[in-house]
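Fold and contact review
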Amino acid sequence: MSGKTVLVTGGAGFLGSHLCDRLVEGEAQVICVDNLQTGRLDNISHLMQRRGFRFIRHDVTDRLCIDGPIDEIYNLACPASPPQYERDPIHTFRTSVLGAMNLLDLAEAKGARILQASTSEVYGDPMLCPQSETYWGNVNMIGPRACYDEGKRGAETLFHLYREDRGVDIRVARIFNTYGPRMRPDDGRVVSNFIVQALAGTPLTVYGSGRQTRSFCYVDDLVGGLVRLMASPATVKGPVNLGNPGEFTVLALAELVLAKTGSRSKVAFRTLPGDDPRRRRPDIALAERVLGWGPTIPLEEGLDRTIPYFAEVMHQNVAGV
Ligand code: NAD
Ligand code: UDP
């Protein structure tokens, strides 16, 4: 990636900021674009003075004009946590679909390769487990999660069409639940919620019975997969699942977080949100075969790396730093 100019939308967010770190380390010229809806300048403040790093505050639903060449575009702009993307569902849908179209137009104009951050949510509440890329999914198109799920499905369609009709060089990653440092304490996703609640000594809010499952991937593994997918040959045509196949119930995650933090918090059961998928586990055979990629950091180790980050943030908040 050395010497390449790489544009990252959503670059001030959780995943995007880690990706920017990796690209800057690889001596790419990085243009980070973000509207700071869920992202934070704190996530990239350490990069602001680095040569070759530039931040542009911009909403991807508006067309983006950039002078000079661009070699690669990673399109990560979109809130990813259900309470965040459900807050303004029409804007989420616009971000997913209009944002994708604006970035695809830019990629076409610049002759850049473009990677879409798609999601396991395209499989909805899956009827098959594990989910492989050939599965078309089970999505409620007018349910509470539809703005995100259908927006991301529409974006995949657009990426496919721009490749077929206009020859744009695309890659699509279907990302499964990823966690790690730089998630917002108020993000609302399960790993950050449980860690914050455990450290604060408040009850861990388990939605429903807690028997639903997710497969949790540590951020460093995921970023490695994105970079490999971007570098993969054009023969890698379809979407590729990226995630950690280790499958855990939400209740098991709660117990693990309690054990890791040494917290005496209790578990409090809350209403299950509508259309919450019951099982999720990636089939990553394709990523293993075409990218030579697989996760290396199991959940226990990833939590050991993530808990101190939240402890530090909460300490700073209490100290008013
Ligand atoms: P995040 O909310 O931390 O990051 C999203 C970033 O996009 C934020 O910085 C936000 O300000 C920015 N953004 C949102 N709408 C925008 C807009 N209209 N214009 C410009 N910037 C905008 O979430 P994340 O977990 O880092 O997710 C990043 C991407 O990865 C998202 O596209 C998400 O759908 C995808 N993804 C993430 C996961 C995961 O588990 N983390 C799973 C599947 C897919
Ligand atoms: N969840 C939970 N308590 C929380 C937050 C989430 O039990 O405080 C559950 C949620 O209902 C879902 C799972 O944890 O079954 C993962 O939720 P998250 O929002 O992290 O991701 P997604 O549902 O998008 O996979």
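Here goes a summary of the coordinates provided. Bear in mind the structure is a predicted one, so any value in this text is a computation, not a measurement. (Residues numbered from 1 in each chain as written. Chains lettered and ligands numbered in written order. Predicted model: local features only at pLDDT ≥ 70, side-chain atom pairs only at ≥ 80, totals over all residues. Heavy atoms only, no water.)

**Describing the pairing of strand S6 (residues 170-175)**
The side chains of a regular strand alternate, residue by residue, between the two faces of the sheet. What counts here: Think of it in three bands: with a 1.4 Å probe and only protein chains considered, a residue is buried below 20% of the maximum accessible area for its type, exposed above 50%, and partly exposed in between. Counting from the N terminus, the helices are DSSP H or I runs at least four residues long and the strands are E runs at least two residues long. Two strands make a pair as long as DSSP finds a minimum of two bridges between them.
Counting buried residues in S6 gives six out of six residues, a clear majority hidden from the surface. Side-chain alternation along S6 places Ile170, Val172 and Arg174 on one buried face and Arg171, Ala173 and Ile175 on a second face that is also buried. Across six bridges, strand S5 (residues 113-119) lies against S6 in parallel orientation. Bridge pairing in S6 links glutamine 116 to valine 172. Relative to strand S11 (residues 240-242), S6 runs parallel, the two being bridged by three bridges. Considered in S11, the bridge of arginine 174 is made with asparagine 241.

**What about the environment of valine 257?**
Stated precisely, the cut-off is as follows: What makes two residues a contact is simply this: any of their non-hydrogen atoms within 4.5 Å.
One can find valine 257 in helix H7 (residues 250-261). On the basis of relative accessible area, valine 257 is assigned to the buried category, the value being 0%. Taking the C-alpha atoms as reference, valine 257 lies 43 Å from tyrosine 162; in sequence the two are 95 residues apart. Ignoring anything within four residues of it in the chain, the contact list for valine 257 reads Phe194, Ile195, Ala198 and Leu303.

**Examining the side chain of serine 263**
Test applied: For the purposes of these results, a polar contact is taken to be a pair of N or O atoms within 3.5 Å, where, inside protein, one atom must be able to donate a hydrogen and its partner to accept one; residues adjacent in sequence count only when each atom of the pair is a side-chain atom.
Structurally, the position occupied by serine 263 is in the loop between H7 and strand S13 (267-270). A polar contact of 2.9 Å, which involves the side chain of serine 263, links it to the backbone oxygen of alanine 198. Dropping the residues within four chain positions of it, serine 263 is found in contact with Ala198 and Leu258.

**Observations regarding the site of ligand 2**
Heads up, the condition is: For this description, a residue counts as near a given molecule or strand if any of its non-hydrogen atoms is within 4 Å of it. Surface accessibility follows the Shrake-Rupley procedure with a 1.4 Å probe radius. Residue values consider only the protein chains on display as shielding.
Neighbouring residues of ligand 2: 18 residues in total, closest Thr205, Tyr207, Arg214, Asp276 and Arg280. Between glutamate 121 and ligand 2, the recorded distance is 3.4 Å, taken from a side-chain N or O atom to an oxygen atom. A distance of 2.9 Å separates an oxygen atom of ligand 2 from a polar side-chain atom of arginine 145. Across the complex, the protein chains shield 95% of the 520 Å² of accessible surface that ligand 2 would expose by itself.

**Observations regarding helix H1 (residues 14-25)**
Which entries qualify depends on this criterion: The length a helix should cover is 1.5 Å for every residue beyond the first.
Taking 1.5 Å of rise per residue, twelve residues should cover 16 Å, and H1 covers 17 Å from first to last C-alpha, within 8% of that figure. Taking burial as the measure, the twelve residues of H1 include ten buried ones, the bulk of the element. For H1, the set of buried residues is Phe14, Leu15, Gly16, Ser17, His18, Leu19, Cys20, Asp21, Leu23 and Val24. One or two positions beyond H1, positive phi appears at glutamate 27, with a value near 65 degrees.

**Overview of the environment of leucine 272**
Following the sequence through the fold, leucine 272 ends up in the loop between S13 and helix H8 (285-291). Measuring from C-alpha to C-alpha, the distance between leucine 272 and glycine 208 comes to 4.2 Å, with 64 residues separating the pair along the chain.

**With respect to the sheet that holds strand S2 (residues 29-34)**
Worth spelling out the cut-off: Only C-alpha atoms enter the line fits that serve as axes; for helices the fit covers just the stretch in contact. Angles between N-to-C directions range over 0 to 180 degrees.
Spatial strand order, S3-S2-S1-S4-S5-S6-S11: seven strands in an open sheet with parallel pairing. Of all the strands in the sheet, just strand S3 (53-57) and S11 have a single pairing partner and so form its edges. Between one strand and the next, the sheet's axes are offset by a mean angle of 20 degrees, whatever the strand orientation. Bridge analysis of S2 against S3 gives five bridges, and the strand direction is parallel. When the bridges of S3 are listed, valine 33 appears paired with isoleucine 56.

**So, the packing of helix H5 (residues 190-200) against helix H9 (residues 299-319)**
Applied cut-off: What sets the label is the angle itself: under 35 degrees gives roughly parallel, over 145 gives roughly antiparallel, 65 to 115 gives roughly perpendicular, and the rest give oblique. Should the near helix be turned counterclockwise from the far one by less than a right angle, the crossing is left-handed, whereas a clockwise turn marks it as right-handed. Following the grouping adopted for this structure description, the nonpolar residues are Ala, Val, Leu, Ile, Met, Phe, Trp, Tyr, Cys and Pro, the charged ones are Asp, Glu, Lys and Arg, and the polar ones are all others, Gly among them.
The contact between H5 and H9 brings their axes to 10 Å, and the two run at 60 degrees. Considering their axes alone, H5 and H9 lie oblique with respect to each other. Considering only the axes of H5 and H9, their crossing is right-handed. Contacts between H5 and H9 involve Val191, Ser192, Ile195, Val196, Leu199 and Ala200 on the former and, on the latter, Leu303, Thr306, Ile307, Phe310, Ala311 and Met314. Looking at the contact of H5 with H9, its residues break down into ten nonpolar, two polar and no charged.

**A word on helix H4 (residues 146-166)**
Each full turn of the α-helix corresponds to 3.6 residues, which orients residues three or four apart in the same direction. The end-to-end C-alpha distance of H4, which contains 21 residues, comes to 28 Å, matching closely the 30 Å that a straight helix rising 1.5 Å per residue would cover. If you check which residues of H4 are buried, you get Ala146, Cys147, Tyr148, Asp149, Gly151, Lys152, Ala155, Glu156, Leu158, Phe159, Tyr162 and Arg163. On the buried face of H4, the contacting elements are helix H2 (82-85), helix H3 (89-110), S5 and S6. Positioned one or two residues after H4, glycine 167 has a phi angle of 70 degrees, which is positive.

**Section: the pattern of salt bridges**
Keep this limit in mind: The working definition used for a salt bridge is a side-chain nitrogen of Lys or Arg within 4 Å of a carboxyl oxygen of Asp or Glu.
Evaluation of the coordinates by the stated rule reveals 23 salt bridges. Put simply, aspartate 276 and arginine 214 hold a salt bridge, and the shortest N to O gap is 3.0 Å. Placement of aspartate 276 in the loop between S13 and H8 and of arginine 214 in strand S9 (residues 213-215) is noted, with a sequence separation of 62 residues between them. Comparing aspartate 276 with arginine 214 shows no difference in burial state: the two are buried. In this structure, arginine 279 and glutamate 247 form a salt bridge, with 2.9 Å as the shortest nitrogen-oxygen distance. Remark: glutamate 247 occurs in strand S12 (residues 247-249) and arginine 279 occurs in the loop between S13 and H8; sequence separation between them is 32 residues. With relative accessibility at 40%, the residue arginine 279 sits in the partly exposed group. Take glutamate 247: its relative accessible area is 26%, and that puts it in the partly exposed class. Overlapping salt bridges, with partners in common, bring together Glu121, Arg145, Arg214, Asp276 and Arg280 in one network.

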